[in-house]
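# Architecture at a glance
What follows is the residue order along each chain.
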Amino acid sequence: MSTISDNELSVQSTTEVVADKEVQVLHCRGDVDTKTFDSFQAAMLQPLEQQHCHIIVDMSGVTYIHSTGYGLLLTVQRQAQAAGGKLVVAGFSSKVGSIFQLLGFDRVIPSFPTVEEALQSFR
Amino acid sequence: MPPNPPAASTTQATFWSFDGAPQVLQSYRAEFAGSRDSLKAIRDLAESAAAHAHMGEIAVTEFEMAVDEICANIVEHSYEKHGSHTLLIEIALFSNRIECIVTDHSAVRFPITTAPTHGLDSFFQEERKRGLGLDIIRHSLDKVEHQWLSPQGNQTRLIKFYSGQQQ
């Protein structure tokens, strides 16, 4: 487990094994905005830097996402796909999830109600 | 829409103000330090005002996001590069809409109304990495206006009509 933390955002990383795949789960808590973006970006890029291309971003503790945060999700997902894996998100609150859907990100980034359901998608 | 009242005289001449504006049901006004540390408090103010207008959850979040995107742009692309000042946030609730005026002292013009946008669909199709903030602002609001406060400063006026209300 590793943790990257800013005053208003923390991201803890855990590893789950699903069907012989190592899936990195990034548990995010707080606001993803201009102030915390650097920490969020560092956490999001860490799995790929460590050769892990199966990623779940646990958004259950996230209360706000700035446009750069959405953009980064898309960037990391494309990089994960290029490496033979994928990025999915899980646990959106109704507030954040509604915006994710309204902006159309659900068309390109799979979203699941829980981390457990997201893990099943890697089978 | 009622005509704009005369600009209030403060330390900076402004184009728009809610001071004395007719039909304002409730108003909020706060000045913040122009730094990233202020963005959460600004969002909280916008969210609180929109919630008082009994807007739905999505509409509240859209309004909050638009205000945040405007302020973050000023902080990141002007204040952090050319010297920081304050951000004045004024929010007014009318019977059919919510308005926010963001006044800055930036040396950089942010003519948001004329900046090119590509649309959210093109963001995915063209694999763009930047510009989503402007698309979000245009998507979230019904009207955006801008004035340059010569010799320095922008006023950006954000307008969102309540669901089902006349525009």
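Higher on the page you've got the structure.
Owing to the predicted nature of the structure, the values given are computational and were not obtained by experimental measurement.

Residues and elements named next belong to chain B. Pairing of strand β4 (residues 143-148) with strand β5 (residues 154-161), which is carried by 6 bridges, proceeds in the antiparallel orientation. When the bridges of β5 are listed, Val-144 appears paired with Leu-158. Where β4 hands over to β5, the hairpin turn is made up of 5 residues, of which Gly-153 adopts a positive phi near 125 degrees.

Let's shift gears to the sheet that holds β5 of chain B. Residues and elements named next belong to chain B. With antiparallel pairing, the 5 strands of this open sheet are ordered in space as β1-β2-β3-β5-β4. Only two strands of the sheet have a single partner each, and these edge strands are β1 (26-33) and β4. Sheet twist, expressed as the average angle between the axes of neighbouring strands with direction ignored, equals 15 degrees. The pairing of strand β3 (residues 97-104) with β5 spans 7 bridges and is classified as antiparallel. Among the inter-strand pairings, Val-102 is bridged to a residue of β5, identified as Thr-156. Here helix α1 (residues 39-52) sits on the sheet and contacts β1, β2 (86-93) and β3; the angle it forms with β2, its principal contact strand, is near 5 degrees.

This part is about unusual backbone geometry. In this structure, the amide linkage connecting Ser-150 of chain B to the following residue, Pro-151 of chain B, adopts the cis form with an omega of 5 degrees. Tracing the sequence through the fold places Pro-151 of chain B in the loop between β4 and β5. A positive phi angle, near 50 degrees, is found at Ala-19 of chain A, a position not held by glycine. Within the secondary structure, Ala-19 of chain A is located in the loop between β2 (9-18) and β3 (21-32). Judged by C-beta crowding, with 10 C-beta atoms within 10 Å, Ala-19 of chain A ranks as exposed. Unlike most non-glycine residues, His-54 of chain B shows phi in positive territory, near 60 degrees.

It is worth spelling out the environment of Glu-145 of chain B at this point. Residue and element names in this part refer to chain B. Here Glu-145 is to be found in strand β4. Overall, Glu-145 belongs to the partly exposed group, with 16 C-beta atoms counted inside 10 Å. Each C-alpha atom, one on Glu-145 and one on Ile-112, is 7.8 Å from the other, the two residues being 33 residues apart in sequence. Apart from residues no more than four positions distant in its own chain, Glu-145 is found in contact with Thr-113 and Arg-157.

This brings us to the environment of Tyr-28 of chain B. Residue and element names in this part refer to chain B. Position of Tyr-28 among the secondary structure elements: in strand β1. Note on Tyr-28: 16 C-beta atoms within 10 Å, which makes it partly exposed. Distance from Tyr-28 to His-146, taken between C-alpha atoms, is 20 Å for residues 118 residues apart in sequence. Among residues more than four places away in sequence, those in contact with Tyr-28 are Leu-45, Ala-49 and Ile-91.

All right, on to the nonpolar core then. A general feature of soluble globular proteins is that nonpolar side chains tend to end up buried together. Ranked by size, the top nonpolar core spans 74 residues in total, and within it Ile-56 and Val-57 of chain A together with Ala-66, Val-67 and Cys-71 of chain B carry the most contacts. The leading source of residues in this core is helix α2 (residues 57-82) of chain B, at 11 residues. Excluding residues within four positions of it along the chain, Val-57 of chain A makes contact with Leu-26, Cys-28, Leu-73, Leu-87 and Val-89 of chain A.

The angle between the axes and the distance between the axes are what describe a pair of packed helices. Between helix α2 (residues 67-82) of chain A and helix α4 (residues 132-140) of chain B, whose axes approach to 8 Å, the crossing angle comes to 120 degrees. When the axis of α2 of chain A is compared with that of α4 of chain B, the two are oblique. For the pair α2 of chain A and α4 of chain B, the sense of crossing is right-handed. Contact with α2 of chain A, carried on its side by Ser-67, Tyr-70 and Gly-71 of chain A, involves Leu-132, Gly-133 and Ile-136 of chain B of α4 of chain B and no other residues of that element. Along the lines of polarity and charge, the residues of the contact of α2 of chain A with α4 of chain B split into 3 nonpolar, 3 polar and no charged.

Between chain A and chain B, the contact holds 19 residues from the first and 20 residues from the second. When contributions to the side of chain A that touches chain B are tallied by element, the ones reaching two or more residues are α2 and α3 (94-102) of chain A. No other element matches the 5 residues that α3 of chain A contributes to the side of chain A that touches chain B. Here the side of chain A that touches chain B is built from residues that sort into 6 nonpolar, 8 polar and 5 charged.

Turning next to the environment of Asp-37 of chain B. By the element assignment, Asp-37 of chain B lies in the loop between β1 and α1. Each C-alpha atom, one on Asp-37 of chain B and one on Thr-103 of chain B, is 18 Å from the other, the two residues being 66 residues apart in sequence.

Looking now at the pairing of β2 of chain B. All names here are of chain B. Taken across its 8 residues, β2 has 7 buried, putting it largely inside the fold. Where β1 meets β2, 8 bridges bridge the pair, whose relative direction is antiparallel. Paired with Ala-30 across the bridge in β2 is Ile-89. Two elements, β2 and β3, share 7 bridges in a ladder whose sense is antiparallel. Along β3, the bridge assignment pairs Leu-93 with Ile-98. With antiparallel pairing between neighbouring strands as the criterion, β2 and β3 make up a hairpin whose turn holds 3 residues.

The rules we used
Residues numbered from 1 in each chain as written. Chains lettered and ligands numbered in written order. Predicted model: local features only at pLDDT ≥ 70, side-chain atom pairs only at ≥ 80, totals over all residues. Pairing = 2+ DSSP bridges. Helix = DSSP H or I, 4+ residues; strand = E, 2+ residues; numbered from the N terminus. Axes fitted to C-alpha atoms, helices over the stretch in contact; angles between N-to-C directions. Contact = placed C-beta atoms within 7 Å. Buried ≥ 20, exposed ≤ 12 C-beta atoms within 10 Å, placed from the backbone. Core = buried A, V, L, I, M, F, W, Y, C linked by C-beta atoms within 7 Å. Parallel < 35°, antiparallel > 145°, perpendicular 65-115°, else oblique. Left-handed = near helix turned anticlockwise from the far one by under 90°. Nonpolar A, V, L, I, M, F, W, Y, C, P; charged D, E, K, R; others polar.

Purely geometric numbers; function is a separate question.
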